[in-house]
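Listed below, chain by chain, are the residues.
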Amino acid sequence: MNIDLLKRLCETPGVPGHEHRVRDLIAAEAASLFDRVETDAMGSLVCTRDGEGEDPERIMLACHMDEIGFLVSHVTDKGFIHVSPVGGFDPRNLFSRRVLVCTPNGDLKGIMNAEGKPVHIASVEDRKKVPEPTEFFIDLGLGAAAKEKVRVGDFVVMDEPLVEMGERIVSKALDNRIACWLGLEAVRKLVDDGVSHKCQLTVAFTVQEEVGLRGAKTVAYAVKPHIGIGVDTTLACDTPGVPEKDRTTELGAGVGLHLKDGSFIADRDLTDEFEAVAKANGIPFQRTILAGGGMDSASLQQAATGAKAIGIVVGTRYIHTVCEMIDRRDLLAARDLLAAFVAAH
Ligand SMILES: [Zn+2]
């Protein structure tokens, strides 16, 4: 598999509203795979492969480009940086993190920590307290000079490399650069295998999903798909301390057919068709429901006069942390299922 592309996608910084670097990377890869590659007003990258005939069936994939992160909200006179979160961080995962503060003049390495005292002098009460994400700050090690280098609105990401661990892949931002990878690699598989399709295929690399499925709304309104497929991570809580009924997916057990979350309910016929395509092609899959949360599928389903929609997901352990973990066999199953579904249209 093209692990180099996934590594570059994960390690490229891009938070909601600041996805431009990820978009540039994807646009370069997409140029040879699509008939048209355009950027819409909100910043989503809309890649189209034309269909056959007068009014071909329109199938749309939504693969969000943004990762959870922060925007700089204030720089103190001493050079400490306060931040405003963009996306749902669990503050328990934010202590003592290496971060990258991304500015137009270059990226600055920093340390994120919570306001308060170290363990040696903290009270019992201090040690029990979990701060809000807004109670974390960044130290660039530059002192007051940070004020000259960082502006309010500059963006911040976690600074961790992708690592391979056997069949498992660990990185920040697997949510949702795996979908960016899938949107490119599923089409590359069609091209490499010489498989044609009748439908008009749009792969939209969307913006601002993590703050409310925003970018997918405008692209879906423009494309007006008949079939909308949100591509994303979902939970894999097949780990200690979580009851089996809450695991959502099991790592390594196949691509997820995402049937429901807090934002949408998948179309019954479309679900049956995906299941039939998976079975016909020997692709392992698991049906899955997420108790809360949301994904771009909801925006595709409800755009204009509506679309049949489903989520195609890859189970991810430790989601929304710097050590998100997937199984590469699930990722390849997702690629193969998306390619087989498009080939059948
Ligand atoms: Zn996501």
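Just so it is clear, the model here is predicted, and its values are computed rather than measured.

Student: Just to check I follow, could you spell out the domain arrangement of the protein chain for this structure?
Tutor: Buried accessible area, meaning the area lost when the parts come together, often serves as the stated size of an interface. Parsing the protein chain into structural domains produces domain 1 (3-67 + 172-343) and domain 2 (69-158). Once you take the C-alpha centre of each, domain 1 and domain 2 turn out to be 31 Å apart. At the interface, 14 residues of domain 1 touch 18 residues of domain 2. When domain 1 packs against domain 2, close to 1100 Å² is buried across both sides, 65% of that on carbon and sulfur atoms. Counting across the domain 1 and domain 2 interface gives 1 salt bridge. Its salt-bridge partner being Asp107, residue Arg21 comes within 2.8 Å of it at the nearest N-O pair. Summed over the shared surface of domain 1 and domain 2, the result is 2 residue pairs in polar contact (both at pLDDT 80 or more).

Student: So what exactly am I meant to see when it comes to the sheet that holds strand β5 (residues 80-86) here?
Tutor: Hydrogen bonds between backbone groups are what pair the strands of a sheet, and the pairing can be parallel or antiparallel. One closed barrel accounts for 6 strands, arranged β4-β5-β8-β7-β6-β9; its pairing is antiparallel. The average undirected angle you get between the axes of adjacent strands in this sheet is 40 degrees. Strand direction decides the pairing type here: β5 and strand β8 (residues 136-139), joined by 3 bridges, are antiparallel. Its bridge partner lying in β8, Phe80 is registered against Asp139.

Student: What's the story with the pairing of strand β15 (residues 285-289) in this structure? I'm lost.
Tutor: Within a regular strand, side chains alternate between the sheet's two faces. Judged by which residues are buried, β15 turns out to be one-sided: Gln286 and Thr288 face inward and are buried, whereas Phe285, Arg287 and Ile289, on the alternate face, are not. Inspection of the sheet shows strand β14 (residues 255-260) paired to β15 by 5 bridges, in the parallel sense. For Leu257, the partnering residue across the bridge sits in β15 and is Arg287. Following the chain from β14 across helix α7 (residues 268-280) to the adjacent parallel β15, one finds a crossover that is right-handed.

Student: Got a minute to help me understand the sheet that holds strand β10 (residues 163-165) in this structure?
Tutor: Spatially, the 3 strands line up as an open sheet ordered β10-β11-β17, and their pairing is antiparallel. Looking at strand neighbours, the two that pair on one side only are β10 and β17 (324-327), the edges of this open sheet. Strand after strand, the sheet turns through a mean of 25 degrees between neighbouring axes, direction not considered. Direction of pairing for strand β11 (residues 168-171) relative to β17: antiparallel, over a ladder of 4 bridges. Along β17, the bridge assignment pairs Val170 with Met325. Along the sheet face, helix α5 (residues 174-192) touches β11 and β17 and points at about 35 degrees away from the line of β17.

Student: What is the right way to look at the coordination of the zinc ion in this model?
Tutor: With distances of 2.0 to 2.7 Å, the protein atoms coordinating the zinc ion are His64 (NE2), Asp175 (OD), Asp232 (OD) and Asp232 (OD). Classification of the site at the zinc ion rests on its 4 donor atoms, whose angles at the metal span 51 to 145 degrees, yielding the label irregular. For the zinc ion, the donor residues sit on a single chain with the sequence spacing H-x110-D-x56-D. Residue Asp175 is found in helix α5, and its partner Asp232 is found in strand β13 (residues 227-235); the two are separated by 57 residues along the sequence. On the basis of relative accessibility, which here comes to 5%, the residue Asp232 falls in the buried class.

Student: I keep staring at empty space enclosed by the protein and nothing clicks. Help me out?
Tutor: Once rolled over the atoms, a probe with the size of a water molecule shows which space is left empty. With the rule as written, the count across this model stands at 2 cavities of 30 Å³ or more. Taken as a whole, the largest cavity holds about 130 Å³ of empty space. Of the residues belonging to the lining of the largest cavity, the class tally is 6 nonpolar, 3 polar and 5 charged. Each of domain 1 (3-67 + 172-343) and domain 2 (69-158) gives at least three residues to the lining of the largest cavity. The greatest single-element share of the lining of the second largest cavity, amounting to 4 residues, is contributed by α5. Among the residues making up the lining of the second largest cavity, the classes are represented as 9 nonpolar, 1 polar and no charged.

What counts, and at which threshold
Residues numbered from 1 in each chain as written. Predicted model: local features only at pLDDT ≥ 70, side-chain atom pairs only at ≥ 80, totals over all residues. Heavy atoms only, no water. Domains from an automatic or database assignment. Contact = heavy atoms within 4.5 Å. Buried area = accessible area lost by both parts, 1.4 Å probe. Salt bridge = Lys/Arg side-chain N within 4 Å of Asp/Glu carboxyl O. Polar contact = N/O pair within 3.5 Å; in protein donor to acceptor, adjacent residues only side chain to side chain. Pairing = 2+ DSSP bridges. Helix = DSSP H or I, 4+ residues; strand = E, 2+ residues; numbered from the N terminus. Axes fitted to C-alpha atoms, helices over the stretch in contact; angles between N-to-C directions. Buried < 20%, exposed > 50% of the residue type's maximum accessible area, 1.4 Å probe, protein only. Right-handed = clockwise from strand over helix to strand, strands pointing away. Donors = N, O, S within 2.8 Å, 3.2 Å for Na, K, Ca; no water. Tetrahedral: all angles 85-135°; square planar, octahedral: opposite > 155°, others 65-115°. 1 Å grid on protein atoms, 1.4 Å probe; cavity = no way out; pocket = protein on both sides within 12 Å on 5 of 7 lines; lining within 4 Å. Points joined across faces, edges and corners; volume = space filled by probe spheres on them. Nonpolar A, V, L, I, M, F, W, Y, C, P; charged D, E, K, R; others polar.

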